[in-house]
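Coordinate inspection notes
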Amino acid sequence: PCSLQVVPMVARLVADGPRYHRAESSEHNILVIGVPNVGKSSLINSLRRLHLKKGKATAVGGEPGVTKSVLSRIQVCEKPLMYLVDTPGVLPPRLGDVEMGMKLALCGAIRDHLVGEDVMADYLLYTLNKQQQFGYVQRYRLGQPCDHIEPLLKHVALSQGRTQKVKVLTGTGNVNMMMLNYPAAAYEFLRDFRAGRLGRVTLD
Ligand SMILES: Nc1nc2c(ncn2[C@@H]2O[C@H](COP(=O)(O)OP(=O)(O)OP(=O)(O)O)[C@@H](O)[C@H]2O)c(=O)[nH]1
Ligand SMILES: [Mg+2]
């Protein structure tokens, strides 16, 4: 539901459910839980802005682990009196399968370096090709779709300036060489995907 409907819907769910020992208390205290980086903190801020016209109360960011502990409750509504508690994103200790893990990683639910940007880039290219999403061909000036990550990253590095000069020591004197920064290119590829610059892609 859009954020306008969230508070009334939650209020109704709470009213319809058993209240047990909280029967006499009219305020709503609700824990917001979910996988990392899905927008839990953003939702709390936007509900607060919508209903109370108040500013940001919890930090938001485009990487997992922005919220680091269960925070104190944040008021988001006056009528009904509603408080939300922000929590750090959590994942099950064991993911069902590698592919699910890759999808979560591409969505930014797992820190990139824990999975490896190179492996993620490879899986992303596989997914884009499988779905015939060829936005990357044009963006990186490839000419045609490609099935291998290495030549793709080469084009990314060249077209996005992910290169570095290195001094190579040879027997007859030092020469400067241009090296392609493959890790930076892989990261750039992931960033472009996440920003929607490779097209609108649904992983599942
Ligand atoms: N496109 C889009 N991006 C959103 C939306 N909501 C949040 N974001 C972005 O998603 C990223 C993560 O948002 P957060 O609110 O920090 O996510 P979180 O679930 O609190 O993350 P953790 O605290 O790390 O578990 C930020 O870059 C937000 O700007 C949305 O509705 N649409
Ligand atoms: Mg958060």
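Refer to the preceding data block for the structure.
Residues numbered from 1 in each chain as written. Chains lettered and ligands numbered in written order. Predicted model: local features only at pLDDT ≥ 70, side-chain atom pairs only at ≥ 80, totals over all residues. Heavy atoms only, no water.

1. Notes on unusual backbone geometry
To keep it simple, the criterion reads: Numbering goes from the N terminus for both helices and strands, where a helix is a DSSP run of H or I of at least four residues and a strand is a run of E of at least two. Categorising residues by exposure relies on relative accessible area from a 1.4 Å probe, with only protein chains included: less than 20% of the type maximum marks a residue as buried, more than 50% marks it as exposed, and the intermediate range marks it as partly exposed.
Proline 80 follows lysine 79 through a cis peptide bond whose omega is 5°. Its place among the elements puts proline 80 in the loop between strand S2 (74-77) and strand S3 (82-86). Residue asparagine 37 is not a glycine yet carries a positive backbone phi of 70°. Among the structural elements, asparagine 37 can be located in the loop between strand S1 (28-32) and helix H2 (40-52). Unusually for a residue other than glycine, arginine 141 sits at a positive phi of about 50°. If you trace the backbone, arginine 141 turns up in the loop between helix H6 (135-139) and helix H7 (149-159). Residue arginine 141 is classed as exposed on the basis of its relative accessible area of 60%.

2. So, the pairing of strand S4 (residues 163-170)
Note the cut-off: Here the rule is simple: two strands pair whenever DSSP picks up at least two bridges between them.
Here S4 runs beside strand S5 (residues 173-180); their pairing, made up of 8 bridges, is antiparallel. Pairing of valine 168 across the sheet is with valine 175, part of S5.

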